[in-house]
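Each chain, written out:
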Amino acid sequence: MTITQRLTERFLSENTTTVCAIEHKLKYQLLEEFKTSEPELCFALLPLAASLAHVPLSGFSVGAIVKGLSGTLYFGANMEFSESAIGQTIHAEQAAFNNAWMNGETGISDIFVSASPCGHCRQFLNEITTSKELNVWVKGKPGSKLTSLLPEDFGPQDLGVHTALMANKSTEGHSELESALSRSYSPYTHSPSAVVLTMKDGTQYAGAYAENAAFNPSLPPLQSALIMCLLHGNQLADVSDVLLTENKGNKVKHGQITKLLCSVILPNATFHQVEDFK
Ligand SMILES: [Zn+2]
């Protein structure tokens with residue numbers, strides 16, 4: 001039996017909830033149990049991450065795993081949405097990053113993927129706090145640095161920005177919306193924004209806007225929240241409410257497009273918006 005088969009059996013038999021992260025301590029137990037290296041463990045876990053994909057357009061599931069600075073491993077998978085523009089698609093690397101970010105990580109040290117990240121993801125990852133040290137591990141190849149995969153990069157430094165994605169500390173002890181809004185990163189347009197999805201059973205998933213120096217690879221707040229919702233094994237039909245917040249004075253506004261996208265992909269959800277949320 002391969003490590004992947006043993007891991008699948010273990011997680012499917014021991015957990016009733018979907019596994020989308022493996023904490024530091026459990027990771028060391030698994031490394032000991034399977035007598036393997038961290039990259040090999042992560043490559044063996046990639047099919048489990050890929051099983052969380054939502055791919056009604058391509059039918060092609062992709063998994064990615066990132067290691068946060070705490071040592072915890074976070075799963076990600078690609079996500080597509082029927083009957084909406086293809087640009088709304090989320091790549092597995094973005095989903096894994098977002099999982100770490102929404103769980104309070106302030107950087108990622110490593111990313112594990114089955115094929116080399118596309119140009120969009122290289123540009124996206126170039127925005128994070130640890131971009132200059134980030135190790136990219138592609139199955140079957142030696143590890144490399146993001147900096148070697150993105151030579152002559154265009155990034156925050158070219159626009160005089162000296163902060164980075166994942167640097168914003170979350171407001172602890174407040175609502176999910178406030179916590180997500182405090183993480184939102186928009187140093188180019190100063191337009192923070194966040195979304196909270198509420199499920200039929202009351203569970204909430206928050207997401208924040210992550211802007212990029214090259215603009216187009218930015219991650220909208222709805223997508224950020226949808227990543228967390230889908231990685232936890234939910235169905236889009238079970239989202240009952242969508243709450244978006246952004247400021248009246250924001251130069252970038254997500255209200256219209258979020259409302260429209262919700263009406264297409266979240267058939268049972270009611271859209272709400274609050275401005276200047278405090
Ligand atoms: Zn990509």
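Report on the accompanying structure. (Residues numbered from 1 in each chain as written. Predicted model: local features only at pLDDT ≥ 70, side-chain atom pairs only at ≥ 80, totals over all residues.)

## Describing the nonpolar core
Next up, step 1: With 81 residues, the main nonpolar core has Ala64, Ile65 and Ala96 as its most contacted residues.
Next up, step 2: Among the elements that make up this core, the one with the highest residue count is helix α3 (residues 38-50) (nine residues).
Next up, step 3: When near neighbours in sequence (up to four residues on either side) are disregarded, Ala96 contacts Ala64, Ile65, Val66, Tyr74, Phe75, Gly76 and Ile111. (Core = buried A, V, L, I, M, F, W, Y, C linked by C-beta atoms within 7 Å. Buried ≥ 20, exposed ≤ 12 C-beta atoms within 10 Å, placed from the backbone. Helix = DSSP H or I, 4+ residues; strand = E, 2+ residues; numbered from the N terminus. Contact = placed C-beta atoms within 7 Å.)

## Looking at the environment of Cys20
Next up, step 1: Inspection of the secondary structure puts Cys20 in the loop between α1 (3-14) and β1 (21-22).
Next up, step 2: On the basis of neighbour counts, which here come to 23 C-beta atoms within 10 Å, the residue Cys20 falls in the buried class.
Next up, step 3: Not counting chain neighbours up to four residues away, the residues in contact with Cys20 comprise Leu52, Phe75, Asn99, Leu231 and His232.

## Some thoughts on unusual backbone geometry
For residues that are not glycine, phi is negative in most cases, and the peptide bond is trans in most cases.
Next up, step 1: We note that Glu83 has phi near 60°; this positive angle belongs to a residue other than glycine.
Next up, step 2: For Glu83, the position within the fold is in the loop between β3 (73-77) and α4 (92-102).
Next up, step 3: Classification of Glu83 by C-beta neighbours within 10 Å gives exposed; the count is 8.
Next up, step 4: Phi angles above zero are rare outside glycine, and Glu152 is one such case at about 50°.
Next up, step 5: Within the element layout of this structure, Glu152 appears in the loop between α6 (146-149) and α7 (176-183).
Next up, step 6: The exposure class assigned to Glu152 is exposed, which follows from the 4 C-beta atoms found within 10 Å.

## Structural notes on the sheet that holds strand β9 (residues 239-246)
Next up, step 1: The sheet built from four strands is open, its strands ordered β8-β7-β9-β10 with mixed pairing. Where the open sheet ends on each side, the last strands, each with one partner, are β8 (204-208) and β10 (270-275). Geometrically, the sheet is characterised by an average inter-axis angle of 15° between neighbouring strands, direction not taken into account.
Next up, step 2: Bridging between strand β7 (residues 193-199) and β9 involves seven bridges; their strand directions are antiparallel. Paired with Leu197 across the two strands is Val242, which belongs to β9.
Next up, step 3: Strands in contact with helix α8 (residues 221-231) are β7, β8 and β9; relative to β8, the strand with the most contacts, it is inclined by about 140°. (Pairing = 2+ DSSP bridges. Axes fitted to C-alpha atoms, helices over the stretch in contact; angles between N-to-C directions.)

## Comments concerning α8
Next up, step 1: The buried fraction of α8 amounts to eleven of the eleven residues, a majority that puts the element mostly inside the structure.
Next up, step 2: The set of residues buried in α8 consists of Pro221, Leu222, Gln223, Ser224, Ala225, Leu226, Ile227, Met228, Cys229, Leu230 and Leu231.
Next up, step 3: Tucked into the core, α8 has its buried residues touching β3, α4, β7, β8, β9 and α9 (255-265).
Next up, step 4: Looking at the residues trailing α8, positive phi occurs at Gly233, about 80°.

## Some points on the environment of Leu260
Next up, step 1: Note that Leu260 resides in helix α9.
Next up, step 2: Note on Leu260: 12 C-beta atoms within 10 Å, which makes it exposed.
Next up, step 3: Once the C-alpha coordinates of Leu260 and Phe271 are considered, the two residues, eleven residues apart in sequence, prove to be 9.4 Å apart.

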